[in-house]
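Working through the structure, step by step
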Amino acid sequence: MSEWYIVIRRDTGDAYSIGTVIADPMPAEFVAIPLSDADADSLNKGRGFWDAASRSVVMRPGSEWPVAPA
Amino acid sequence: MSIFLPRGLGKYGIRRAPQDTALRQYRQLQIGTGMPSYLAVTSGSTAHTAGAWVQASSSLASNAGLLCIFFGNISSNSVDSSAMLDVATGASGAESVIVPTIAIGGSANNIAYIPVSIPAGSRVAVRVRGARTSVTFYPQVWFFQTGDFATTPRTLDILGVDTSTSKGTAMSGASGSYAQITSSTSRDYQQIVMVASSATSTGASANVTYTLAYGAAGSEVDQGSIFAQYTGNSISISQGLPLPLASGSPVPAGTRLSVKHNIASNPQLYSVCLLGVPYV
């Protein structure tokens, strides 16, 4: 299984890109952070979102069940 | 007797549109197996600024010559749900836009067929922006292999959008009126694709036919139509085939493009944008 990354802006922490293939070299304004399987799954299914302040994946309230359409 | 061909036709001849071949020879490049998964794509934290790119494919198994994108859950009743979607290729952190700012506001069951070529091995990603901030949408992306990859361009132009509002061009005037999309195209196009959207938060149910036209105001020549069913401020495109959504004959640079509507009242609530398909 491929490893997922989130690429964020170095200065603000805002998410720029999510994927398994990252730029090499990475542009200086970005930082690539590897995601745990759980965090990648949360982002990819919309259960969680990237919080720029804490630079972490945060679960949406009431997201125990999938948000995405079946 | 003289026969006058539309300007530019003599230069290009009558060419087969890229997706004509796709219809006969298409082979869907699946993402995984079966239906492609919904992508969770979140708009930016500031209105009309792009959110993060989300990977639709890490590496295409084969050349793709046609994209099909389904836009769901963009609409939100009584809320301005203007939105735009970008498509890019390239690794995370180095994305390069190939289809910019398609206006998709109000979409509930909307779909766009996009003739753009993407080489095998490419990573493909999408992102959204709009009036609603930090909202997650769930588009689906299909990739189709076509038989004429070489004649399909790598990038498309968007026409008739306003990135400051994430809207397409609103209709105006009485039923049968034409709304100008551009006064003069900047380069030659082999085809124009129409995408319907909603221009407001106000509910406006209607069955709308949009007809693409070429030519100066007062002497427009109709080219082809799409049909969009609006319920409230959302859109349900009822056409199932790619061709009616991708209309028109070759468009020489300098052509005025407009779209005719058949809306009985409040045409300003309905909008479209155009994708210009350049020559390779």
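Residues numbered from 1 in each chain as written. Chains lettered and ligands numbered in written order. Predicted model: local features only at pLDDT ≥ 70, side-chain atom pairs only at ≥ 80, totals over all residues.

1. Digging into the overall build of chain A
The number of helices and strands found in chain A is 1 helix and 5 strands. Going residue by residue from the N terminus, the α and β elements of chain A occur as β-β-β-α-β-β. Within chain A, the proportion of its 70 residues that are buried is 31%. (Helix = DSSP H or I, 4+ residues; strand = E, 2+ residues; numbered from the N terminus. Buried ≥ 20, exposed ≤ 12 C-beta atoms within 10 Å, placed from the backbone.)

2. Let's talk about the environment of A:R47
Tracing the backbone shows A:R47 in the loop between α1 (37–45) and β4 (48–51). A C-alpha to C-alpha distance of 6.0 Å links A:R47 and A:M59, two positions 12 residues apart in sequence.

3. Describing unusual backbone geometry
Going from A:D24 to A:P25, the amide bond is cis rather than trans, its omega being 5 degrees. Structurally, A:P25 can be placed in the loop between β2 (15–19) and β3 (30–34). Residues other than glycine seldom take positive phi values, yet B:S134 does so here, at roughly 50 degrees. Looking at the element boundaries, B:S134 is found in the loop between β8 (124–130) and β9 (136–137). Positive phi, normally seen in glycine, also occurs at B:S166, with a value near 60 degrees. Relative to the helices and strands, B:S166 is located in the loop between β11 (157–159) and β12 (169–170). For B:S166, a count of 27 C-beta atoms within 10 Å gives the class buried.

4. Side note on the interface of chain A and chain B
With 23 residues of chain A in contact, the opposing surface of chain B contributes 18 residues. Elements with a contribution of two residues or more to the side of chain A that touches chain B: β1 (5–9), β2, β3 and α1 of chain A. Ranked by residues supplied to the side of chain A that touches chain B, first place goes to β2(A) with 5 residues. Partitioning the side of chain A that touches chain B into residue classes produces 16 nonpolar, 6 polar and 1 charged. Where β2(A) meets strand β3 (residues 53–57) of chain B, 2 bridges bridge the pair, whose relative direction is parallel. Bridged to A:I18 within β3(B) is B:V54. (Contact = placed C-beta atoms within 7 Å. Nonpolar A, V, L, I, M, F, W, Y, C, P; charged D, E, K, R; others polar. Pairing = 2+ DSSP bridges.)

5. Quick notes on the pairing of strand β4 (residues 66–72) of chain B
All names here are of chain B. Taken across its 7 residues, β4 has 5 buried, putting it largely inside the fold. Bridge count for β4 against strand β10 (residues 140–145) is 5 bridges, and the pairing is antiparallel. Pairing of I69 across the sheet is with V141, part of β10. Sheet analysis places β4 next to strand β7 (residues 107–114), joined by 6 bridges and oriented antiparallel. In the sheet register, L67 faces β7, and the bridge partner there is I114.

6. So, the sheet that holds β3(B)
The 7 strands are arranged β3(A)-β1(A)-β2(A)-β3(B)-β8(B)-β5(B)-β6(B) in an open sheet whose pairing can be described as mixed. Bordering the open sheet on either side are β3 of chain A together with β6 (96–103) of chain B, each of which pairs with just one other strand. The mean inter-strand angle of the sheet, taken between neighbouring strand axes irrespective of direction, is 25 degrees. Sheet analysis places β1(A) next to β2(A), joined by 4 bridges and oriented antiparallel. When the bridges of β2(A) are listed, A:I6 appears paired with A:I18. (Axes fitted to C-alpha atoms, helices over the stretch in contact; angles between N-to-C directions.)

7. Points about the domain arrangement of chain B
Residues and elements named next belong to chain B. Taken domain by domain, chain B comprises domain 1 (18–151) and domain 2 (154–278). If you look at the interface, domain 1 gives 35 residues, while domain 2 gives 35 residues. For the side of domain 1 that touches domain 2, the secondary structure elements donating two or more residues are α2 (18–25), β5 (83–89), β6, β7 and β8. When residues of the side of domain 1 that touches domain 2 are assigned to their parent elements, the largest contribution, 8 residues, is made by β7. (Domains from an automatic or database assignment.)

8. A few points about α1(A)
Residues and elements named next belong to chain A. Restricting attention to buried positions, one finds in α1 the residues A40, S42 and L43. Angular distribution of buried residues about the axis of α1 spans 160 degrees; they occupy a single face of the element. Seen from the open side of α1, the exposed residues pointing more than 90 degrees away from its buried face are D37 and A38. Lining the buried residues of α1 we find β2, β4 and β5 (56–59). Downstream of α1 by a residue or two, G46 has a phi angle that is positive, lying close to 80 degrees. (Arc of directions from axis to C-beta.)

9. A look at the nonpolar core
Generally speaking, a soluble globular protein has its nonpolar side chains buried in company with each other. Residue and element names in this part refer to chain B. Counting residues in each nonpolar core, the largest one holds 96 residues, and the members touching the most others are L67, I102, I114, I192, M194, V195 and L274. Residues lining this core come from more than one domain, with at least three contributed by each of domain 1 (18–151) and domain 2 (154–278). If we ignore the near neighbours within four places in the chain, the residues touching I114 are L66, L67, I69, V99, L156, V193 and L275. (Core = buried A, V, L, I, M, F, W, Y, C linked by C-beta atoms within 7 Å.)

10. Let's talk about the environment of B:V259
Residue and element names in this part refer to chain B. By secondary structure assignment, the location of V259 is in strand β19 (residues 257–260). Under the C-beta neighbour-count criterion, V259 is labelled buried, with 28 such atoms within 10 Å. Every residue in contact with V259, bar those within four places of it in the chain, is listed here: Y178, A179, I181, M194, Y210, T211, L212, A213 and V272.

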